[in-house]
Amino acid sequence: MSKKWLAALPLLVAALIFATTATGSGSSSKSGGTFKLGTASGIDSLNPYVAFNQDAYSAFEYIYPILVQYDAKLHYAPFFATSWKASNGGKTWTFKTRAHAKWSDGKPLTAADAAWTINTDVKYKNGATANVAGLVSHIKGAKAPNATTLVVNYDGRVNPSWVLGQFQQYAILPQHIWAQHLGKKGAGLKTFPNSAPIVGSGPFNLVRFKQNDIALFQRNDSYWGPKPKIDVFGLQQFSNDDAMITALKAHDLDAVESVPATTMKTLRKAGFVVQDVKGLDQTDFIINSNPKKKKHRELLNLKVKEAFDHAIDRKKIISVVYLGAAQLPSSIIPAPAGAGWHNPHLKTPTFDIALANKILDKLGYKKGPGGIRVANGKKMSYDVIIPTDVQSLPRTFQIIQADFAKIGVQLKEDALDSTAAFDKMAGSNYTYQGFDLAMWDWTALIDPDFMLSVVTCAQWGGWSDSAFCDKHYDKMYSQQQTAATPAKRRQIVWQMQAYLYQHRPYLWLANDDQVSAVSKNWAGFTNTAQGPFNELNISVLTSVHQK
């Protein structure tokens, strides 16, 4: 972050606070003020059809209406919808929505906005709205018979937990804004910048945004739910952890959403409240699994993937990179997801260099000059794309690189910002021909559907970063959505995890703890498995207040 922008921040915040109080909220809250939160990730886009980073989706949770959210015990709770029920054998779902709600520009917010968003996403799910295609699976259409009633029709009976899990993530957009930007076949939905100030209807309005730098959120005094206790919060992005922690210690920040393990002790000694909980984030080693891959097709061989898996020293990664503040991973659904979704029968692959070499030897991939193996006449030498905003990856890469050299595989780092990294991986027209290997991370949700969706064929051009496409897997993905009971759905979800465990589009590296830090001058700031600034609900930043 530039020092120039940091210097200007107090003036911007002061103006926002004046605007908030000048509008006359009628609140007698003693707290007020500005809460400054630091992040090493940040918002990559304000467009829900393009955004990739978790911070973007956490922001959408605070600025757009969403039908349901999780409560403190991770049970589904009312949000924009006050109640819901299924009928017609589970094929029709009816939601009652808030009355007299408004968008931030003063226009009415009704169930018709929800129906329009759903119908639009269904219409263009194979193109412009692929990012949310999984959320509208099996939906035939939606309608709003009146301002406070939303009726969603499915093509068959759907699992209740799945329905609510999808709508817990689903941002409702203002029809009067987004309908102007459809373009040809909905293509305009992806190119619309949705610049701040955004027309939304959450507890905060996003009023200023500078990519890779800062987002400012102002309390929305016309919000239809409980009002935040603070006037403004700022999300400041940092290009490295050291600068972020320095800003926290200097009290230029009030909190940090993800604390590097190396600073936990010093922050506690400095009087900050550091909260360490088992998290939903997992770092991964991505193998391009495009069935039509043209180069280095040996990477499609499951035995090669197995050898790679045994050449990763996860215990060393957790010890050196995270100083123990992480767990051994085994599946695309991390254990902290809860509700029995994680398949406990899957075990972390062993670190066994001898076994990895034995597998590659048996495949006939002999070592050539420099000890690098040769497969199909080409050196087993690969570039590994690494996004620069995941701070743990460079050191993790070094550990993996050294061990892969011991099995005759050369790895070279290709560090790019997250947008450039994904663009290179997806390639022109989402052909996924421009990369072999990559490293990144995924932050799972409580319901498993989203994580299971990112490796479906339908997510080519959407969330897919591995190009995995398997019709048998896709069939299971659809089946878990329509399973008759929670137990049956769980059984299918476990089978899907086992299938991915065998096919290995991802080699999971570490299930890192979620560690946050906050100044002792603030109360109500709580950490969760998804962090304090999260997609679970709006409780943290509506509850935080000065002591």
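Quick look at the structure, then. (Residues numbered from 1 in each chain as written. Predicted model: local features only at pLDDT ≥ 70, side-chain atom pairs only at ≥ 80, totals over all residues. Heavy atoms only, no water.)

**Overview of the state of the cysteines**
Here a disulfide denotes one covalent bond, and it connects the sulfur atoms of two cysteines. Applied cut-off: We call a pair of cysteine sulfur atoms a disulfide when they lie within 2.5 Å. Secondary structure follows DSSP: runs of H or I at least 4 residues long count as helices, runs of E at least 2 residues long count as strands, and numbering of each begins at the N terminus. For every residue, the accessible area obtained with a 1.4 Å probe (protein chains only) is divided by the maximum for its type, and the residue is called buried under 20%, exposed over 50%, and partly exposed between those limits.
Using the criterion set out here, one finds one disulfide in the structure. For C457, the disulfide goes to C469, at an S-S distance of 2.0 Å. One disulfide, between C457 and C469, carries an S-S torsion of 105° and so falls in the right-handed class. On the criterion of sequence distance, the pair formed by C457 in the loop between helix 14 (449–453) and helix 15 (471–481) and C469 in the loop between helix 14 and helix 15 is long-range, its members being twelve residues apart. You can call C457 buried: its relative accessible area is 14%.

**Some words on unusual backbone geometry**
The linkage connecting A196 with the following residue, P197, adopts the cis geometry, with an omega of 0°. Within the secondary structure, P197 sits in the loop between helix 6 (188–191) and strand 10 (204–210). With a phi close to 60°, H100 is a non-glycine residue in the positive phi region. Within the secondary structure, H100 is located in the loop between strand 5 (92–97) and strand 6 (101–102).

**Regarding the packing of aromatic side chains**
Here is the rule we go by: Working definition: rings of Phe, Tyr and Trp (its six-membered ring) pair if their centres are within 6.5 Å, and the pair is stacked with planes under 30 degrees apart, edge-to-face with planes over 60 apart, and tilted otherwise. Sitting over a ring, as applied to charges here, requires NZ of Lys or CZ of Arg to be within 6 Å of the ring centre and within 35 degrees of the ring normal.
For the structure on display, the rule yields 37 aromatic pairs. The interplanar angle of 55° and the centroid separation of 6.0 Å between the aromatic rings of W442 and W463 together place this pair among those described as tilted. Of this pair, W442 sits in strand 20 (residues 437–443) while W463 sits in the loop between helix 14 and helix 15, placing them 21 residues apart in sequence. The exposure class assigned to W442 is buried, which follows from its relative accessible area of 7%. Taking 5.0 Å as the distance between ring centres and 90° as the angle between the ring planes, the aromatic pair formed by F450 and W463 counts as edge-to-face. Placement of the pair is F450 in helix 14 and W463 in the loop between helix 14 and helix 15, with a sequence separation of 13 residues. Neither F450 nor W463 differs from the other in exposure class; each is buried. Directly above the aromatic system of Y501 lies the positively charged group of R504, at a separation of 5.9 Å from the ring centroid.

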